[in-house]
Amino acid sequence: TPSMDSAQSTSTPLKTVASALAEGRLTCAFQPVVSTRNTQMPAFYECLVRIRDRSGRLLPAAEFMPAIEHDDIARLVDRAILRKALRILSTTQRVRLSVNLSANGVGDAGWLSILESFASAAPGSAEFLVVEITESAVLDLTPEKLDFLFRIRELGCSIALDDFGAGHTSIGHLGKFRFDFLKIYGSFMDN
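Predicted, not measured: the structure shown is a model, and the values here were computed from it. (Residues numbered from 1 in each chain as written. Predicted model: local features only at pLDDT ≥ 70, side-chain atom pairs only at ≥ 80, totals over all residues. Heavy atoms only, no water.)

Peer 1: So, the confidence of the model for the protein chain: which residues are in play, and what are the values?
Peer 2: Mean pLDDT for the protein chain: 85, with 83% of residues reaching 70 or above. Per-element confidence in the protein chain is highest for helix 5 (residues 109-121), whose mean pLDDT is 97, and lowest for helix 1 (residues 6-9), whose mean pLDDT is 41. (pLDDT = per-residue confidence, 0-100. Helix = DSSP H or I, 4+ residues; strand = E, 2+ residues; numbered from the N terminus.)

As structure tokens, then:
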């Protein structure tokens, strides 16, 4: 893609992400998420994954996540961003953060272990974390994945359905799990 440096531009998104993970170039951008009840005050800040390329530019998730979302490397990205968010939560008072969990990450025992360790070490802190899952994850909510989501909630986290309306999720799919937040796909809100 045009924003990648020359070494990465000939590389596949998978190789780009793998080298960013190995070199510690994964980072977060923070986007405020507002409630319809009070649009002046953020409800929380979403930790959006970015890759800092070797020239220092930030690559948005749209340039690499769609290509890796169903690959095992997506779980490694999910884990890395969770660790970054938890470090912030452990040092910051009263800030609520959210992290995206890829469709492949829902059910990841390694991701859950990181969260459980944090919740055990800092009781009550997990309530400041919102876990966002995509519509594609909702379409494939097996009993094991539902148990995974219930465990996240038991630890104190909130769970959001991200970009509702962007894909194939219908109102009927919402009955599988009671989400704490429903984030409506942006194009529906343009007018």
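Peer 1: Residue-level account of helix 5, with values.
Peer 2: With 13 residues, helix 5 should cover 18 Å at 1.5 Å per step; its first-to-last C-alpha distance of 18 Å lies within 8% of that length. All buried positions along helix 5 are accounted for by Trp 111, Leu 112, Ile 114, Leu 115, Phe 118 and Ala 119. Buried residues of helix 5 fall within an arc of 155° about the axis and therefore sit on the same side. Set apart from the buried face of helix 5 by more than 90 degrees, the exposed residues are Ala 109, Ser 120 and Ala 121. Buried residues along helix 5 sit against helix 4 (73-91), strand 4 (97-101), strand 5 (129-134) and helix 7 (143-154). A side-chain oxygen of the first residue of helix 5 lies 3.1 Å from the backbone nitrogen of Gly 110; this N-cap is Asp 108. (Expected span 1.5 Å × (residues − 1). Buried < 20%, exposed > 50% of the residue type's maximum accessible area, 1.4 Å probe, protein only. Arc of directions from axis to C-beta. Contact = heavy atoms within 4.5 Å. Polar contact = N/O pair within 3.5 Å; in protein donor to acceptor, adjacent residues only side chain to side chain.)

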